[in-house]
Amino acid sequence: MVIDIDKSKLQKKNKPRKKWKIFLLTLLIFVAVIIFLYIKSGYLSVTYDLFKITGNKIQRTKVEQTIHYKYDNSNKFINILLLGSDTDQKFNPNSILTQTIMIVSVNPYQKKIYMISIPRDFWIKIPGYTQNGGYSKFDTASEIGGIALTRQLVEQYFGIKIDYYAWIGLKGFIKLIDTFGGVNVVPTHPVLDWSYPNDLTGNPNLLYSSINLYISGAPQYMTGSRALEYVRSRHGDLMGDFGRSKRQQQVLRILKDKLDNPSTISEIPSLFNNLSSIVRTDMTIPEVLSLAKIALALKNTKIQSIILSPPDYSSIGNAGYPIQSVVFPNWQKINSLFLKLYGN
Amino acid sequence: METNMDFNNRNNIKNMSNKNTKKGKKILGYGVFLILIVFIAYILLKYGTIIESILNPKNIGFSISKNVTLSNQYNLNGRLYFVKNNNMWYITGNTTHKVTNTNNVSDIGISKNGKQVTYVSFHTNYSDLRQMNINGTNNTQLTDWQSQYIQNEAWSATPAYEPNGNYIAYDTNIRKLITGIPRAGLGVWMFKNGTTFPSYSSQIYNETELTIPTRYTGGDADVTWPNNNFLLYTYYIYYTGIAQPDSQIMLYDFNTNQSYPVTPVTSEAMEPRLSPNEKYLAFTERKGNNSNYLYVMKFDLNSILNNTEQSSFSNYKNTLQLISNGINAQPTWSPNGKNIAFIKLNGNSFDIAAKSIQNKKGKLKFGNLTYITTNSEIDSTSKMYWLEK
């Protein structure tokens, strides 16, 4: 009898301990599984960071909704508008000057990739711009109407539908390159710039100051900061913006080559974590992942790089008041080019 | 007296309160469990990358290795000097030696007798030339380009000694101070070895300008001085387009004070290095979007000076391909001319590689590619020098 009582007491005492043991064990297993899954796939981090970068939809303007896209084949391409901006500190956050305007078109069926740089000094009519009879440089569009107006004008002038945009700032570019471990570059020539913007020091007094820049012409490893100097410098080139467009396309292609390496996928969590506050796109998570898969599938596809530069697609001249150096598009030749690229 | 009913009621209440306590504990337990899960999930999401990098360190971002690692596949005869992390090193046999610890060495130029080094010390806005003994001692500043006005600050690059050691040639954009036009690129200048220049004005008036660069190209580059009578350099000019300049190898002749093309203007050739017997020229050529291949061609000084080379470029047309993939830079001949070392991108690291060269009845045959270093991140913008022991 006594034994029974003791037993029941013991049972009563042991029950909660066992439950806690089970609880702790479950918790430990759960945590271990989560950590294992996280390390193995990086999925959680990717998802979280992608949410911050992606899906930043910008409503299409009324004009955009009525545009007739000229080229039949253009809907077989995924057209992405790449925008690179000047130092954010220099501008109102909603009207940043775009120094780089580029269309990247990918056709997964016909295995074609185009990279087309639009000169920011293209002299075009911009809706809402009141001076110079409504004419200004292309980069004015982002200043007065943001990404929506820039996208609208690209669609209107070039006759193709822009499916997505991706915007990156200067610091974003540096972080992007650094996250990829830097880039190994064969420079197009030694870069010598006597007036390179010194606007990333964080010191507002230096925002409009400049430095001397020299980059050797020898093949070299570049960190993010060095790569930015390489693609941003324009005074050391005969044609300024066109020269740097060439260098920008070169570095983008090096980055694409890096993405072609499946091992880079493991670095995506870190990549997106680094870029979450400085890169914006309207692509959704599934769209980003689909595009990454397409890029991997088109690993060996040759990229056709085009700069709409003089003398083939434009000419340099002066226009406006006060008078400024601008680039006049040769629409006849540009239209022929786009017909060749996106027509049937 | 306590009745049975009272006792039962009390027991019931006790049981009920026990049940409630158990339920409460259960709910509390689940609550704590849920809060813990949410907390862990939050921590993983917020700081996941940091946790991951601690638990699973990978090559995210860039880290520069501090050491030079030898592949142990190559026993180097002589001494091979190079730059890494802004310090000068050399390899001999199968050992490495770090010569300097000043962290300011780039673009080394070593005298033919192997006793002196002139190098470039880079700063924000300008670079200076410095000189030291081959063992790193007696470090002296040759030029001082620091100024309170950045328009008065200039760049120096790729110094090279005259073979007899009397003069040093190098690239610089000091022409901008003579013309007042800031956009002048780097041109080839020379000065007497042993001279120091305390100010830019003293430098301008005591140096000789050998070449005038094409504007907006960045200028001339890669000066080497293999023979007292001539030097070689890379010349940039806009020829086939305006989005990027073309490059070619040029020879500056001290007898006529003129430059002569060694390769065609469209060749995209650069980094000329003449073999010790002066019969062959090793160089690199830019290919495609981002490649640089390594070549060897016959070198005939007479045909270059008589412009017959210019009219046909027959030697260039018969160029032999040494390496036809990836990124290669800074070729250098072994003292006996039987090997070429060069810097090659190997994965993500620039490493030193070599190939043997055999001359069989006038025909060159190349051996297999061998890496001398691995994962050593060598400075691919600085020349290498292969000296005898």
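If you're wondering where the values come from, they're calculated on a predicted model, not measured in any experiment. Residue positions are given per chain, counted from 1 along the sequence in the order it is written. As a convention, the first chain written is A and the first ligand written is 1, with the rest following in written order. Reporting in this predicted model follows two pLDDT cut-offs: at least 70 for local features of residues, and 80 or more for side-chain atom pairs to be given and counted; totals over whole chains, interfaces and linings ignore these cut-offs and use all residues. No hydrogens and no water enter the side-chain calculation; it runs on all heavy atoms of the structure.

## What about the overall build of chain A?
Alright, step 1. When you go through chain A residue by residue, the secondary structure sums to 9 helices and 14 strands.
Alright, step 2. The buried label applies to any residue whose accessible area, calculated with a 1.4 Å probe on protein chains only, is under 20% of its type's maximum; exposed applies above 50%, and partly exposed to all values in between. Considering chain A as a whole, with its 344 residues, one finds that 55% of them fall into the buried category.
Alright, step 3. Any two residues whose heavy atoms approach within 4.5 Å at even a single point are treated as in contact. Contacts in chain A between residues at least 24 apart in sequence constitute 69% of all its contacts with a sequence separation of at least 6.
Alright, step 4. Working definition of accessibility: Shrake-Rupley area with a 1.4 Å probe, residue cover restricted to the visible protein chains. Accessible surface, chain A as shown: approximately 16500 Å² in total, 59% of it carbon and sulfur. Segments assigned H or I by DSSP are reported as helices when at least four residues long, segments assigned E as strands when at least two residues long, and all are numbered from the N terminus.

## Remarks on the sheet that holds strand S3 (residues 112–118) of chain A
Whenever strands of a sheet pair, they do so through backbone hydrogen bonds, lying parallel or antiparallel.
All names here are of chain A.
Alright, step 1. The pairing criterion is simple: DSSP has to find at least two bridges between the two strands. Judged by pairing direction, the sheet is mixed, and its 6 strands sit side by side in the order S11-S6-S1-S2-S3-S12 without closing on themselves. At either end of the open sheet lies a strand with only one pairing partner, and these are strand S11 (279–281) and strand S12 (303–307). The sheet shows a mean angle of 15 degrees between the axes of neighbouring strands, taken without regard to direction.
Alright, step 2. Summarising the sheet, strand S1 (residues 78–85) and strand S2 (residues 98–107) pair through 8 bridges and their orientation is antiparallel. Its bridge partner being in S2, Ile-78 is matched across the sheet by Val-106.
Alright, step 3. Axis definition: a line fitted to C-alpha atoms, over the contacting stretch in the case of helices. Angles run 0 to 180 degrees between N-to-C directions. On top of the sheet, helix H3 (residues 140–158) reaches S1, S2, S3 and strand S6 (164–168); it is set at about 145 degrees to S1, its chief contact.

## Re the environment of A:Lys112
Residue and element names in this part refer to chain A.
Alright, step 1. Position of Lys-112 among the secondary structure elements: in strand S3.
Alright, step 2. Taking C-alpha positions, Lys-112 is 7.5 Å from Lys-302, a pair spaced 190 residues apart along the chain.
Alright, step 3. In this structure, Lys-112 is in contact with Phe-77, Ser-105, Val-106, Asn-107 and Thr-301, ignoring residues within four places of it in sequence.

## A closer look at the environment of A:Leu298
Residue and element names in this part refer to chain A.
Alright, step 1. When you line up the elements, Leu-298 lands in the loop between helix H8 (285–297) and S12.
Alright, step 2. Residue Leu-298 is classed as buried on the basis of its relative accessible area, which comes to 2%.
Alright, step 3. Separated by 186 residues in the primary sequence, Leu-298 and Lys-112 place their C-alpha atoms 8.2 Å from one another.
Alright, step 4. Among residues more than four places away in sequence, those in contact with Leu-298 are Val-106, Asn-107, Pro-108, Lys-111, Ile-113 and Lys-256.

## Points about a nonpolar patch on the surface
All names here are of chain A.
Alright, step 1. Residues form patches when they are more than 30% accessible in relative terms and have no salt bridge. Like charges link within 9 Å. Nonpolar side chains (Val, Leu, Ile, Met, Phe, Trp, Tyr) link within 5 Å. We count a salt bridge whenever a side-chain nitrogen from Lys or Arg sits within 4 Å of a carboxyl oxygen from Asp or Glu. Among the surface-exposed residues, Leu-25, Ile-29 and Val-33 lie close enough to one another that they form a single nonpolar patch of about 270 Å² accessible area.
Alright, step 2. Structurally, Val-33 can be placed in helix H1 (residues 2–41).
Alright, step 3. On the basis of relative accessibility, which here comes to 42%, the residue Val-33 falls in the partly exposed class.

## A word on the side chain of B:Asn87
All names here are of chain B.
Alright, step 1. You can see Asn-87 is positioned in strand S3 (residues 87–93).
Alright, step 2. Asn-87 sits in the buried class, given a relative accessible area of 1%.
Alright, step 3. What qualifies as a polar contact is a pair of N or O atoms within 3.5 Å, subject to a donor-acceptor requirement within protein and to the restriction that residues adjacent in sequence count only when both atoms come from side chains. Here Thr-100 takes part through its side chain, which lies 2.8 Å from a polar atom of the side chain of Asn-87.
Alright, step 4. Within polar-contact distance, the side chain of Asn-87 engages the backbone nitrogen of Asn-101 at 3.4 Å.
Alright, step 5. When neighbours within four sequence positions are excluded, Asn-87 is seen to be in contact with Phe-82, Lys-98, Thr-100, Asn-101, Thr-102, Asn-103 and Val-105.

## Looking at the pairing of strand S2 (residues 76–84) of chain B
Residues and elements named next belong to chain B.
Alright, step 1. S2 sits mainly inside the fold: 7 of its 9 residues count as buried.
Alright, step 2. Here S2 runs beside strand S27 (residues 385–387); their pairing, made up of 3 bridges, is antiparallel. Following the sheet pairing, Leu-80 is matched in S27 by Trp-386.

## Quick look at the packing of aromatic side chains
Residues and elements named next belong to chain A.
Alright, step 1. In this analysis, rings of Phe, Tyr and Trp, with Trp reduced to its six-membered ring, are considered paired at centre separations within 6.5 Å, and the interplanar angle assigns stacked below 30 degrees, edge-to-face beyond 60, and tilted for intermediate values. Evaluation of the coordinates by the stated rule reveals 21 aromatic pairs over all chains.
Alright, step 2. A network of ring pairs unites the aromatic residues Tyr-71, Phe-77, Tyr-114, Phe-122, Tyr-157, Phe-158, Trp-331, Phe-338 and Tyr-342 as a single cluster.
Alright, step 3. Criterion for a charge above a ring: Arg CZ or Lys NZ at most 6 Å from the ring centre, at most 35 degrees from the ring normal. One cation-aromatic arrangement involves Arg-247 over Tyr-230; the distance from NZ or CZ to the ring centre is 5.7 Å.

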